[in-house]
Amino acid sequence: MESSLDKSRSHQVYLETGGKREQDKSNVLFGFTVFLLSESMVFVSFFLTYTILRLTTINWLPPGVSGPELSTPIIINTVVLLSSSVVIYLAERALKRHNLWLFRVLWLTTSAMGAYFLAGTLREWRSLDFGLLTGLVGATFYLLTGFHGLHVSAGIFLQMLMLVRSFVPGNYNRGHYGVTAISLFWHFVDVIWVILFSLLYLWRA
Amino acid sequence: MTINPNITSVSNSEVRQELNWKRYFSFNTDHKVIGIQYLVTTFIFFLIGGVLSMIVRGELITPKSDLVDRTLYNGLFTLHGTVMIFLWIIPSQVGLANYLIPLMIGAKDMAFPKLNAIAFWIIPFGGIFLLSSFLLPSGTAQAGWWSYPPVSIQNPSGYPINGETIWLLSIILLGISSIMGGVNFVTTIVRMRAPGMTAFRMPIFVWTVLSAQLLQLFCLPVLTGAAIMLFFDLSFGTNFFKPALGGDPVLYQHLFWFYSHPAVYVMVLPAFGVFSEIIPAFTRNPLFGYRSVAVASLGITVVSIFVWVHHMFASGTPSWMRILFMFSTMLVGVPTGIKVFAWTATIWKSKLHLDTPMLFALGGVIMFVIGGITGIMLGAVAFDLHVNNTYFVVGHFHYIVYNTITMAIFAAIYFWFPKMTGRMCHEGWGKIHFWLTFIGANLTFFPMLPLGLQGMVRRVSSYDPQYAGYNILASLGAFLLGMATLPFIANIVASWLNGARAANNPWHATGLEWTTASPPPLENFAKIPTVTLAPYSYGQPQYSTVDTSDEEALRRHGN
Amino acid sequence: MNKILEIVLLAIGVAAIVVISYWLGQQAYSWMPPAATAEARHVDDLFSFLVALGVFVFLTVIGTIVYSIITCRTTKNDYTEGHPARGNGKLEFLWTAIPTVLVLWIAYQSYSIYQQLDIEGLGTIMDSSASLASQPALATTVIQPTSQPIEEIEVLAKQWVWTFRYPQKKIATGELHLPKNRRVRLVFQSEDVIHGFYVPEFRFKQDIIPNHTLDFTFTPLREGKYKLHDSQFSGTYFALMEADVYVDSPEAYSQWLKSTNGNTMKLNLAAAEHAQKPQQLIKSNWHAVEPYLPLVATEVKSKN
Ligand code: HEA
Ligand code: HEA
Ligand code: CUA
Ligand SMILES: [Cu+2]
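As the structure is a computational prediction, the values presented were derived from the model and not from experiment.

Student: Before we move on, could you go through the nonpolar core and cite the residues and values that matter?
Tutor: Counting residues in hydrophobic clusters, the biggest one holds 291 residues, and the most contacted among them are Trp107(A), Ile101(B), Phe205(B), Val274(B), Phe383(B), Phe415(B) and Trp416(B). Split by domain, the residues of this core number at least three in each of domain 1 (2-72 + 88-116) and domain 2 (151-277 + 287-299) of chain C. Setting aside residues up to four positions removed in sequence, Trp107(A) forms contacts with Ile88(A), Ala91(A), Gln159(A), Met162(A), Leu163(A), Val179(A) and Ile182(A). In this structure, Ala36(C), Met241(C), Val247(C) and Tyr253(C) belong to the second largest nonpolar core, which totals 34 residues.

Student: I'd like a description of the interface of chain B and chain A, backed by residues and values.
Tutor: Contact with chain B, which involves 36 residues of that partner, is made by 34 residues of chain A. Our enumeration of links across chain B and chain A arrives at zero salt bridges. Mapped by element, the contributors of at least two residues to the side of chain B that touches chain A are α5 (163-191), α6 (204-236) and α7 (249-283) of chain B.

Student: Lay out the interface of chain C and chain B with the relevant residues and their values.
Tutor: In many reports, interface size means the accessible area that the parts give up when they come together. Opposite the 95 residues of chain C that make contact, chain B presents 113 residues. Of the roughly 8,600 Å² buried where chain C meets chain B, counting both sides, 67% is carbon and sulfur surface. At the surface where chain C touches chain B, the tally comes to one salt bridge. Of the charged contacts in the structure, one is a salt bridge between Glu273(C) and Arg70(B), with a shortest N-O distance of 2.9 Å. On inspection of chain C and its partner chain B, the count reaches 25 residue pairs in polar contact (both at pLDDT 80 or more). Element by element, the count of residues in the side of chain C that touches chain B is highest for helix α3 (residues 89-116) of chain C, at 16 residues. For the side of chain C that touches chain B, the per-class residue count stands at 51 nonpolar, 29 polar and 15 charged.

Student: I'd like a description of the coordination of the copper ion (ligand 4), backed by residues and values.
Tutor: All names here are of chain B. Coordination sphere of the copper ion (ligand 4), protein contribution only: His261 (ND1), His310 (NE2) and His311 (NE2), at 1.8 to 2.1 Å. Along the chain, the residues that donate to the copper ion (ligand 4) are spaced as H-x48-H-H. A gap of 4.4 Å separates the copper ion (ligand 4) and the iron atom of ligand 1. With a relative accessible area of 14%, histidine 310 lands in the buried category. Here histidine 311 falls in the partly exposed class, since its relative accessible area comes to 25%.

Student: Give me the pattern of salt bridges: which residues, what numbers.
Tutor: Residues and elements named next belong to chain C. Following the criterion strictly, the structure yields 12 salt bridges over all chains and no others. Among the salt bridges present, the one from glutamate 152 reaches arginine 185, with a minimum N-O distance of 2.8 Å. Placement of the pair is glutamate 152 in strand β2 (residues 151-158) and arginine 185 in strand β6 (residues 184-190), with a sequence separation of 33 residues.

Student: Describe the coordination of the iron atom of ligand 1, with residues and values.
Tutor: Protein coordination of the iron atom of ligand 1 is limited to a single donor, His396(B) (NE2), which sits 2.2 Å from the metal. Mapping His396(B) onto the fold places it in helix α13 (residues 391-421).

Student: Go over a nonpolar patch on the surface with me, naming the residues and quoting the values.
Tutor: Residue and element names in this part refer to chain C. There is a patch of nonpolar side chains on the surface, built from Ile4, Leu5, Val8, Leu9 and Ile12 and spanning about 480 Å² of accessible area. Tracing the backbone through its elements, the reader meets leucine 9 in helix α1 (residues 2-27). Looking at leucine 9, the relative accessible area reads 52%, which means it is exposed.

What counts, and at which threshold
- Residues numbered from 1 in each chain as written.
- Chains lettered and ligands numbered in written order.
- Predicted model: local features only at pLDDT ≥ 70, side-chain atom pairs only at ≥ 80, totals over all residues.
- Heavy atoms only, no water.
- Core = buried A, V, L, I, M, F, W, Y, C linked by side-chain atoms within 4.5 Å.
- Buried < 20%, exposed > 50% of the residue type's maximum accessible area, 1.4 Å probe, protein only.
- Domains from an automatic or database assignment.
- Contact = heavy atoms within 4.5 Å.
- Salt bridge = Lys/Arg side-chain N within 4 Å of Asp/Glu carboxyl O.
- Helix = DSSP H or I, 4+ residues; strand = E, 2+ residues; numbered from the N terminus.
- Buried area = accessible area lost by both parts, 1.4 Å probe.
- Polar contact = N/O pair within 3.5 Å; in protein donor to acceptor, adjacent residues only side chain to side chain.
- Nonpolar A, V, L, I, M, F, W, Y, C, P; charged D, E, K, R; others polar.
- Donors = N, O, S within 2.8 Å, 3.2 Å for Na, K, Ca; no water.
- Patch = residues over 30% accessible without salt bridge, like charges linked within 9 Å, V, L, I, M, F, W, Y side chains within 5 Å.
- Areas by Shrake-Rupley, 256 points an atom, 1.4 Å probe, with all protein chains shown as cover.

As structure tokens, this is what we get:
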């Protein structure tokens, strides 16, 4: 059905390069994409839970609770996170042009922006007038932002790993699938944030 | 599908590594080792789950609650269901797929061997973790394998670590292993096929594994999400699903069944694949309607995502939803029917050989039809409202999970055992195993259907004496079924140690796995084969005429 | 000649299958418990239809397989091909189309029988705090066969006792009495976990969800004593959550309503067993949720 020709050609490459590595690495990207699609279903289940509970609960906001408010720090936070997607893209491009130092600088900037975002989330958590146990608002809010924050942290951790690796001589000579995969992950985290942001802050009662 | 003749005979002696039993206990990344690790480990869990069910049947042989106390009984069926589904049916077929997929598509290994090994090692640890809850003072999880709130989160006060916590954590853990497996299988099947192995040259088993794993990837994360939220409710005091505090317990049911319905097709699809491999080999016919069977696998996958509410017809579900999901549920019968008819047509006007694998396959297909038809009956809302949560449902699904899928796994083990071990199974013992299992299974699970019609609800450890007769029958059948496992174990162990040597292709079957040595060398093929034929080409001379080395092997195993 | 013989045999086979299916479909009525409500008869019709069709499909497929097993055996070392056909477009179309038609037929039958029932579980979800009196009449399309008023009874489930309240008489009891030939509406409420209302002779089941009031309307037709069982797993003593259900003649029913004083609570099986030492052979001594004590009847009354 689907390109059998293509298939055998890529196989040819496989045989000619004599190495498993080449094929393995491009499989990494494919597999990682599959994984991300699957992972997004966890978020879908949370989003659906949030939406359904919010639509069916009569007292969504318990007395005295105003819910998450759209404030300037959150907007700044959002802008920082979203623009980090551009930065990581530039980092990737730098690597493709074998400009290792530019790559490292941009890469580190991305991580720093992510870290800024995380710090901002924590700051917001502390300033809120409701906690995890404050009705369904609290439960869903902290679950969603917490789970997203966990993904941001994971992204930063992986970025650090790649940064260290960039100092291994010749590490990126045979391609840089790891970097591509992590950058893909980072865009994924951003897209999730956009949905989350709309659900939590833009959807007013 | 055949391959370039000059590479059929792999000179295995040079490639074959030292066959050391110790590697089965190590972090090995060879897919064949991992496949066998899966099969053996999950079979042990099957025995454990089986022993739990034996105690359940022991309790139910009398109407009174006299063998185990109520809490223990609830723990027993909960863990029986959980172990059987998450540690036997699903992972054992992952093991089978692990062994077979790279061989069938002509690859050297899975796409991510290390990930593969990690995914496997999660299974024994997750399983032991789950079973360890028997040792807790507050006991195991006791809310059934659905773990519906609010029952499941009536946290035994004073026990911060309780069976339910462990249950939820194990489910999340085993889910992670399954996702790793899913990523690995999909990547392997999509990207690692040998030259010439086009989509419509893939054996049906590959198609079904692909379909099943796509379902896992799409639906399983939703269960993980639900488990995480239930865990928060249980351990941190949130109220996602607590009705008293505004949460919605029915929402949990939707999330649970959104995965757990497709999960039943995750379980059954590879079994369909096994039938589709074995039936052509023992009828000497190409699989009838190969293309439609292949496409039907994907059809089942798609339709099965939209039927989950049929488990919730009584849960206060609105009528429009009941009707809608009744129609979708029944539609699943169509792609499934295509497969059943294709197998039937393959058997029609054939050259039938009734070796052990074929017996199990035929038995499985026959009992599947009973399971499937009772399923269609359950899909009819008005009838389901009578038998929902009764033994009719228990009968329905055991006809599939045991009488179809477990039979298929037995069939697969008998069929590929020569490939896996290089030795033949003993035919006579295999046939004894089959007949004991076939009779025992029907004796156990058929009486559950009238019991359910008469109104006996499930998950009870005592019941009205009017139900005693069928229960005695079912319990005796279950004990027979338990005993039926013994000849199997004896056969496998004895044959593995000193069965007759197997030829490379003892069944004269098509399929790339039969072109390499038995057992296959490391990296499977001396040279990656090129596929030039359609699958199941049983008319080709190399399959329909017998070469002497195979003749020799056949004589030895007494066929 | 052979061809003709084959066709004749085939015709006989199909005829036999049709007869057996029809016959078993008729038998199916006797596999069910007695039908005690008007609705139950419809369900039994559906069941009979499902059995007949199911048996037909089963016998057709299995008959073909068994016939092949008997006639197609070959010798040990004969590995030649059976039949070379790899498929047959027409046949495959046929066996996709026929099951499609069959399942649509089944679904349609189920649908129309469903329509004849008053099964409208969620027709009127309401906040449990809303008082019953102020409820609007059933908004759904329930056709009222008689002009008689509907007898409304509240069913209260908690771990693990049933309580029935007759609002107009202000009584609560532990056994359910229903008038024959009158439409009855049960209004379900649960205090703790999900329970389920199930009397096999009535042929329906409704989960009872805390904080959601659900109701169900039906007409009992057959006098007698039945057993209500909880049908949704509800914890340790789930097996003991039963109650007696009586369908009385109208006279006996009003007689009972008058004579009962609301204190006819049956023995609370769960509480009784919980108070005892476990009698079973193997004791786990795992934690069990405390059952409610038997004083439910008065408790409910005082609430009103
Ligand atoms: C792996 C297992 C498996 C499989 C394959 C199936 C297959 C099907 N199941 Fe089953 N089911 C379970 C495992 C499985 N089930 C389990 C575990 C439960 C209970 C869980 C629990 O409560 O604990 C359950 C419960 C369950 C319910 C809920 C009952 C209740 O709780 O009240 C329903 C209701 O619709 C249902 C329906 C079906 C249908 C329609 C199919 C269909 O896919 C069947 C299709 C097959 C055929 C129909 C036969 C072959 C077809 C033909 C020969 C063509 C011609 C046929 C016709 C025209 C009819 N199943
Ligand atoms: C998925 C696969 C699967 C399999 C293979 C089985 C296999 C069996 N099941 Fe299971 N069962 C479930 C899945 C499965 N079950 C699920 C999901 C539930 C629902 C749980 C819930 O309600 O939450 C359930 C529930 C369930 C019940 C209902 C309990 C209740 O509602 O109260 C019963 C009762 O009879 C039962 C019986 C059996 C029996 C007798 C077997 C037999 O086939 C087992 C045979 C195997 C063996 C016996 C192993 C061999 C053992 C030895 C060789 C040791 C020798 C020991 C002795 C003979 C004592 N099962
Ligand atoms: Cu009581 Cu469920
Ligand atoms: Cu289902």
